[in-house]
Amino acid sequence: MSKLLEVNDLKKHFPIHGGLFGGVTANVYAVDGVSFDIAKGETLSLVGESGCGKSTVGKAILRLIEPTAGQVVLDGERIDNIPLSQLRKLRRRIQVVFQDPFSSLNPRMRVRDILAEPLINFGLAKGGSDIDDKVAALMDKVRLPRDAMRRFPHEFSGGQRQRIGIARALAPGADLIICDEAVSALDVSVKAQIVNLLSDLQDELGLALLFISHDLAIVEHLTHRVAVMYLGRIVELTDRRTLFSKSHHPYTRALLSAVPVPDPDAPRNRVILTGDVPSPINPPSGCRFHTRCPFAFDRCRTEEPQLRSVGTGHQTACHLEHAPGEPIAAMAMA
Amino acid sequence: MNTSSLNMADAAVLPTHYAAAPVLADVLPPVRERGRFGTFFRRYPTVVVGGVLIGIMLFIAIFAPYLGTVDPTALAPAKRTRPPSALYWFGTDMLGRDIYSRVMYGSRVSLIVGFSVAAIASAIGAFIGLVSGFVRALDTVIMRVMDGLMSIPPILLAIALMALTRGSVGNVIVAISIAQIAPVSRLVRGVVLSLREQPYVEAAVASGTRTPAIIWKHILPNTLAPLMVQATFICASAMITESILSFIGAGTPPTIPSWGNIMAEGRALWQVKPYIVFFPAAFLSVTVLAVNLLGDGLRDALDPRLAKRL
């Protein structure tokens, strides 16, 4: 499969200003060397705890924030360093759906105008009736009644608003949609509707999705591949099946074991992490996870593990030597 | 796969056999009925009361010559300091001028000053606030200048500015406006900074909207509600400031009757002829109260979430 988007060693450091003259006193290493790629029509999920830099990756790809270093390549063309005036045309190809359906739609614009905005910006519609037709087609695509386009966002429920947000992302005919926690704020039943809508749209239109989420249960339902992030870095990157059956990294296993199972008697092999995520201002030396890893040994404290291949399309950044999926000796005892 | 050429015209004839996702209930709330006065009054009584009172004041100001008034500057020394009676409704002052006529005509000055200052200070303040919120390089400089302006009490600043020029209604408006620009620009800047981070603005940027359109379509309409509320309070305080300036003789020239200088002239006789001061003071109080009621109500009426934000 050809690569639609490639992200190479992306970094975003937020400077912290302080002191008398407002100099930079420290950096928040929000994203610190993240690489992955997405093929056309593929879903890649980016999962991890709050504050691990998932959303920052999404915004840096969109250039809503400027990346500190690294490359973002769209169809063989770098988009991280081109001037914003040139980027404007390419924005058509990458769109975004945000988490909060209430703040992601301008409260003072009607649905029609919200959806018409990208159409007009990219010159995809000529004249009022053309816009109306295309907006109506978008409403059909996200399964909202057409007459709803004359309404204001506050007249819709959360799920309906999220559909409008998806329609806006579809409007310019994007190749890649970044779903930044797009279903996290919704009720479970509505969540399922939106996830199904997204995967239907992906089938219909051949969309690629970058699905940023903390919810592994949802991720399992719709993704092709998963990248697990911890403290600004990817610790494991593999396809869905491998992740859920043969994950390698202790952090991934801890995340998986935290997914609720709807059976109170199910035997569970819990990996419970203690402590909090260390501060991204001063990340731990060596492996960033060593402060919370139950299996950390000396090497982890000094040497940063690189992503290495442990199987077909399965990469992990961990010093532990064991076959993927095999119970780690210490974990079995725990 | 070539999705980039996704044909929007084809989209209208997409197959209708949508799988998997349950059909969305087509239940939308009915479009809210507007224009029911009774409902509106019950919900926002302060807007109605304030609006009606301001309407009455506007009526007085516009139709002052037809409200049984005489020339408010006509002197009649023989009939000075008459108490209120059937002939002189509010009495006469120490120069025999009819206070009723003077108060009616005086409303013109207060309303013109109040509305003009609100309009000028809001427009300029909003512009400065938008620039400051959007151009990071200018933000620090502009805001330090505004801090400087705000460190001077507005009345003192207006007096100082009036001292530089001659007394006229136009100069009073300019002087009071300058003092009111700083708080407006601060307010607008704050709103702009928070709006810029809103996902819908980021989504608009990602949709290729240019910065001027972002400001015009996404930022400005959402600053209008807090701006209008602020404008009403500026209007009220401008009326009071105008009266204070006239009262201390630094504002409207004595040839033009204004509530402030009627009170100033009556001040010496306050203990023996209190009605000279009473009527203009009562009108000023009622007008300021009306404007404040309107502003308070507008805050709730324009956006229920605004009450938390301001």
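Residues numbered from 1 in each chain as written. Chains lettered and ligands numbered in written order. Predicted model: local features only at pLDDT ≥ 70, side-chain atom pairs only at ≥ 80, totals over all residues.

Draft legend 1. Broad picture of the overall build of chain B. Scanning chain B from N- to C-terminus turns up 12 helices and 0 strands. Secondary structure of chain B in N-to-C order comes out as α-α-α-α-α-α-α-α-α-α-α-α. Of the contacts formed within chain B by residues at least 6 apart in sequence, a portion of 69% connects residues at least 24 apart. (Helix = DSSP H or I, 4+ residues; strand = E, 2+ residues; numbered from the N terminus. Contact = placed C-beta atoms within 7 Å.)

Draft legend 2. Region of interest: the overall build of chain A. Within chain A, the regular secondary structure consists of 11 helices and 12 strands. A compact globule built from 334 residues should have a C-alpha radius of gyration of about 20 Å, and chain A, at 21 Å, falls within 12% of that. Residue burial in chain A is summarised as follows: out of 334 residues, 46% are buried. Restricting the contact set of chain A to residue pairs at least 6 apart, pairs at least 24 apart contribute 64%. (Rg over C-alpha atoms; globule rule 2.2 N^0.38 Å. Buried ≥ 20, exposed ≤ 12 C-beta atoms within 10 Å, placed from the backbone.)

Draft legend 3. Main features of the domain arrangement of chain A. Residue and element names in this part refer to chain A. Structurally, chain A comprises domain 1 (3-19 + 27-223) and domain 2 (245-334). The distance between the C-alpha centroids of domain 1 and domain 2 comes to 30 Å. Taken together, the contact pairs 8 residues of domain 1 with 7 residues of domain 2. Secondary structure elements with two or more residues in the side of domain 1 that touches domain 2: strand E2 (23-39) and helix H7 (216-222). Per-element tally for the side of domain 1 that touches domain 2: the top contributor is E2, with 3 residues. Partitioned by chemical class, the residues of the side of domain 1 that touches domain 2 number 6 nonpolar, 1 polar and 1 charged. (Domains from an automatic or database assignment. Nonpolar A, V, L, I, M, F, W, Y, C, P; charged D, E, K, R; others polar.)

Draft legend 4. Representation of the environment of Gly 275 of chain A. Residues and elements named next belong to chain A. Within the element layout of this structure, Gly 275 appears in the loop between helix H9 (250-257) and helix H10 (298-302). For Gly 275, a count of 7 C-beta atoms within 10 Å puts it in the exposed group. A C-alpha to C-alpha distance of 6.7 Å links Gly 275 and Arg 292, two positions 17 residues apart in sequence. Sequence-distant contacts of Gly 275, that is, excluding residues within four places in its chain, are made with Thr 291 and Arg 292.

Draft legend 5. Main features of the sheet that holds strand E11 (residues 308-311) of chain A. Residues and elements named next belong to chain A. With respect to topology, 8 strands assemble into an open sheet ordered E6-E7-E8-E3-E9-E10-E12-E11, the strand pairing being mixed. Since the sheet does not close on itself, it has two edges, and those belong to strand E6 (94-97) and E11, each with one partner. Shown here is a sheet whose adjacent strand axes are inclined to one another by a mean of 20°, direction ignored. Of the strand pairs in this sheet, strand E10 (residues 233-239) and strand E12 (residues 314-316) are connected by 2 bridges, and their pairing is antiparallel. The partner of Glu 236 across the bridge, within E12, is Thr 316. Across the face of the sheet, helix H1 (residues 54-62) comes into contact with strand E3 (43-47), E6, strand E7 (176-180), strand E8 (208-213) and strand E9 (225-230) while running at roughly 145° to E7. (Pairing = 2+ DSSP bridges. Axes fitted to C-alpha atoms, helices over the stretch in contact; angles between N-to-C directions.)

Draft legend 6. Inspection of the nonpolar core at higher detail. Residue and element names in this part refer to chain A. Ranked by size, the top nonpolar core spans 158 residues in total, and within it Leu 176, Ile 177, Ile 178, Cys 179, Leu 210 and Val 228 carry the most contacts. Of the residues that make up this core, three or more belong to each of domain 1 (3-19 + 27-223) and domain 2 (245-334). When sequence neighbours within four positions are dropped, the list of residues in contact with Ile 178 reads Gly 58, Ile 61, Leu 62, Ile 94, Val 96, Leu 210 and Ile 212. (Core = buried A, V, L, I, M, F, W, Y, C linked by C-beta atoms within 7 Å.)

Draft legend 7. Structural view of the sheet that holds strand E1 (residues 3-18) of chain A. All names here are of chain A. Taken in spatial order, the 4 strands of this open sheet run E2-E1-E4-E5, and their pairing is antiparallel. Looking along the sheet, the strands with just one partner apiece sit at the ends: E2 and strand E5 (77-78). Across 13 bridges, the pairing between E1 and E2 is antiparallel. Within the sheet, the bridge partner assigned to Ile 16 lies in E2 and is Ala 26.

Draft legend 8. Spatial organisation of the confidence of the model for chain A. Residues and elements named next belong to chain A. For chain A, per-residue confidence averages 87 on the pLDDT scale, and residues scoring 70 or more make up 95% of the total. Looking over chain A, one finds the lowest element-wise mean pLDDT in helix H11 (residues 329-333), namely 47, and the highest in E6, namely 94. A low-confidence stretch, residues 330-334 stays under pLDDT 50, and its non-local contacts, those more than four residues away or across chains, total 5 contacts. (pLDDT = per-residue confidence, 0-100.)

Draft legend 9. The arrangement of helix H3 (residues 111-121) of chain A in detail. Residues and elements named next belong to chain A. Of all the 11 residues making up H3, 8 are buried; the element is thus mostly covered by neighbouring parts of the structure. If you check which residues of H3 are buried, you get Val 111, Ile 114, Leu 115, Ala 116, Glu 117, Pro 118, Leu 119 and Asn 121. Of the residues trailing H3, Gly 123 is marked for its positive phi of about 60°.

Draft legend 10. Spatial organisation of the environment of Ala 171 of chain A. By the element assignment, Ala 171 of chain A lies in the loop between helix H5 (158-170) and E7. Here Ala 171 of chain A is in contact with Leu 115, Pro 118, Leu 119 and Leu 138 of chain A, once residues within four sequence places are set aside.

Draft legend 11. Structural view of unusual backbone geometry. Residue and element names in this part refer to chain A. For Asp 9, which is not a glycine, the phi torsion comes out positive at approximately 50°. Tracing the sequence through the fold places Asp 9 in strand E1. The phi dihedral of Arg 143 is positive, around 60°, even though this residue is not glycine. Its location among the elements puts Arg 143 in the loop between helix H4 (127-141) and H5.

Draft legend 12. A look at the pairing of strand E4 (residues 69-74) of chain A. All names here are of chain A. Of the pairings in the sheet, the one linking E1 to E4 comprises 5 bridges and is antiparallel in character. The residue of E4 that forms the bridge with Lys 11 is Ala 69. Pairing between E4 and E5: 2 bridges, direction antiparallel. Looking at E5, one finds that Leu 74 is bridged to Glu 77. Remark: 2 residues form the turn of the hairpin made by E4 and E5, two consecutive strands paired antiparallel; Asp 75 in that turn has positive phi of roughly 50°.

Draft legend 13. Expanded view of the environment of Lys 141 of chain A. Residue placement: Lys 141 of chain A occurs in helix H4. When the C-alpha atoms of Lys 141 of chain A and Leu 201 of chain A are compared, they prove to be 7.9 Å apart, with 60 residues separating the residues in sequence.

Draft legend 14. Molecular detail of the packing of helix H10 (residues 259-266) of chain B against helix H11 (residues 275-302) of chain B. Residue and element names in this part refer to chain B. Relative orientation of the contacting elements H10 and H11 amounts to 155°, with a least axis distance of 8 Å. Overall, the two elements H10 and H11 adopt an arrangement that is roughly antiparallel. In this structure, H10 crosses over H11, and the sense of that crossing is left-handed. Of the residues in H11, those touching H10 at Trp 259, Ile 262, Met 263 and Gly 266 are Ile 276, Val 277, Pro 280, Ala 281, Phe 283 and Leu 284. Looking at the contact of H10 with H11, its residues break down into 9 nonpolar, 1 polar and no charged. (Parallel < 35°, antiparallel > 145°, perpendicular 65-115°, else oblique. Left-handed = near helix turned anticlockwise from the far one by under 90°.)

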